[in-house]
Each structure stands twice: as C-alpha cells, then as structure tokens.
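# Survey of secondary and tertiary structure
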Amino acid sequence: MNILNLITEIERVDPEVYDRLDQRRQMFRHFAGFGKKLAASAVPLAMGSMFQKAYGQSSGLSDQVKFVLNFALGLEYLEYYFYQTGLNSAGLLTGQARNSVTTIRDDERKHVDFLRSVLGSAAIADPGVGAFDFTGAKGGARPALFPTVFTNQGTFLAVAQALEDTGVRAYKGGAPLLISNNTVLEAALNIHSVEARHASHIRTIRRGGPQAVPGNLNAMPKSWISGNDNGGPAPAATAPVYGAGSPAADYPGEENTTQAGVNLASLPGVTMAEASEAFDEPLDPSTVLAIAGNFIK
C-alpha cells in the first residue's frame, strides 16, 4: 500500500480530512517525514488508529452505516476488477481509451482502499477477480450477456457505462442511510461525484469524443443520462440500470421529471428531456444487487 498516495486520494474524496483529524492534521501534512521513522509493518497500524479517530471506524459506525459502506465496497471491487481485467486483455484498449480506463481503474482501487480504511475490521473480504464473470454468463450457468466484453472495445465500454451509471444511482440511494454520520456521508457523496465523472467520461468516449453529436442514445449517448436512455447500451440487459427501483414511488426511473412535488417539465421552456436530465435518480440496494448479480458467479 502506498501510504502517501492513499492520503492524497482521501484528501481528494474528502477535502476536509485534515480538519477531521484535529491536532493530527499536522502529522498528515508532514507524513512523508513521519513515515520514514516508522517500520513498514507499523504503518498500517498507525493509519488504522488515525482513521478510527477521524471517522469513528468499526465500533463507532452504526450497523446501518456499515451495511451501506460495505455495499459500496462490494460495488467498488466489482468495478475495480472489471477495469483491471480489461487492461489485462491484450489488444482490447488502445490509445486514449486505455489511458482513461487506467485512470478510472486507479480511482476504483483508491475507493476500495478508502472504504476499507473507514470500515476497518468490519470491511467485507476482498472477493478476488475469480468471484466475477463479466460476460454475464455467471460462470457458464447461462448464455453470456456480453460474450465479447474483453475482446471488443465497444462492448467493454458499453458494460463500463452500465456499471458506472449503476454506481452513481447506488451511492445516491444509499446517502439517506448515512445521515446519522455526517463525516461518512460527506465522504461518500464525494466518491459519488467521482463515479459520476467516470460515467460521463465513458459516455463521451462511446459517443466518439466531446465534439461528437449525440444520436441514438444506445450507441451515441449524451455525456449524462437522458430520460431512461432508451434502456442503455444493451436494453435487454441494461434497462434495469435506468428503470425504477423498489418501491418505484421512492426510487423512480431516470425518466422522472418531478422533484419535490414539482413537475419540472411543466415549467416554461423546459422539455421532458431537460427535466429528466437535471437530476440523477437514486436506486435501492435490492435492485442494485440484481444488476450487479449479473456479473457475480
């Protein structure tokens, strides 16, 4: 584990981490010098102690907060291993697409490390890449949903979009359950914003770049979700990513145009598409798990 990189990433997703550490912030700001005085084996223990005090790690987290963070951690593992496998697949990703996916992979790994640092001993175990089948065949138990996911860049990016869009909705759905811990809530929402940028970037790559004009939303999407995105990149498999959760009244589909009781599409000059694009909709854990379950053996 690169401690300095981890600290940098934590500052990125939680800019106020130093302030949360109170008098320990000076230690963090000068961690390079501090770390040289510690034996390598002692560094993780020192880190754990600091995060316990900063985030109320393990015993300080409610069961509900632990559930939400572990749920998020499971999704981050899925995304990390997806991108790692793609990068390890010879000839799949080239040029700027490979550079972009490398950056996203690194972000997902840092999110894993961050969530584990907050959860401490309560964190779920790393499932390993072998727990997943990104073709959607569930280890051969059924026909593959995406048989060319690691041989065709277009298929790979289509699955990446569906995973990132799912992650954005999942974080938003979990946010209300973290209200009891403002520190963790703020950090989770910052990760949510990073996931949203991932989704936007993948969509832009699929469209052909920022100058390309959106067309058919399945193949030439906008850089953000519009309506229900016509079911996403592969509607037969990805429509649930953009549809309603359960219950639909609490977790409407992405085509929803009503916010706080106001139908935005009824406002002068606002189209249905614009009204739906203004907000991402949350998604409940059971629906998220059903979507992610397509890639779990």
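Computed from a prediction, not measured in an experiment: that's the story for all the values here.

Among the secondary structure elements, Glu164 is positioned in helix H8 (residues 153–174). Separated by 2.7 Å, the side chains of Glu164 and Tyr83 make a polar contact.

Let us now look at the packing of helix H7 (residues 95–119) against H8. Their axes nearest at 13 Å, the elements H7 and H8 cross at an angle of 35°. Of the two elements, H7 crosses H8, and the hand of that crossing is left-handed. Here Ala97, Val101, Ile104, Glu108 and Leu115 of H7 come into contact with H8, specifically with Gln153, Phe156, Glu164 and Tyr171. Here the contact of H7 with H8 is built from residues that sort into six nonpolar, one polar and two charged.

This part covers the side chain of Glu277. Counting through the fold element by element, Glu277 comes out in helix H11 (residues 272–277). For Glu277, the side chain forms a polar contact with the side chain of Ser226, separated by 2.6 Å. Apart from residues no more than four positions distant in its own chain, Glu277 is found in contact with Lys222, Trp224, Ile225 and Ser226.

A few words now on the pattern of salt bridges. Should their charged atoms come close, side chains of opposite charge can pair. One pass over the structure, following the stated rule, counts six salt bridges. Note that Asp113 and Arg109 form a salt bridge whose closest N and O atoms lie 3.1 Å from each other. Taken as a pair, Asp113 and Arg109 lie in helix H7 at a separation of four residues, close to a single helical turn. On the accessibility criterion, Asp113 (24% relative accessible area) is partly exposed. With a shortest N-O distance of 2.4 Å, Asp229 and Arg203 are connected by a salt bridge. Of this pair, Asp229 sits in the loop between helix H9 (182–207) and helix H10 (235–242) while Arg203 sits in helix H9; the two residues are 26 residues apart in sequence, bridging distant segments of the chain.

Basis of the calculations
Residues numbered from 1 in each chain as written. Predicted model: local features only at pLDDT ≥ 70, side-chain atom pairs only at ≥ 80, totals over all residues. Heavy atoms only, no water. Helix = DSSP H or I, 4+ residues; strand = E, 2+ residues; numbered from the N terminus. Polar contact = N/O pair within 3.5 Å; in protein donor to acceptor, adjacent residues only side chain to side chain. Axes fitted to C-alpha atoms, helices over the stretch in contact; angles between N-to-C directions. Left-handed = near helix turned anticlockwise from the far one by under 90°. Contact = heavy atoms within 4.5 Å. Nonpolar A, V, L, I, M, F, W, Y, C, P; charged D, E, K, R; others polar. Salt bridge = Lys/Arg side-chain N within 4 Å of Asp/Glu carboxyl O. Buried < 20%, exposed > 50% of the residue type's maximum accessible area, 1.4 Å probe, protein only.

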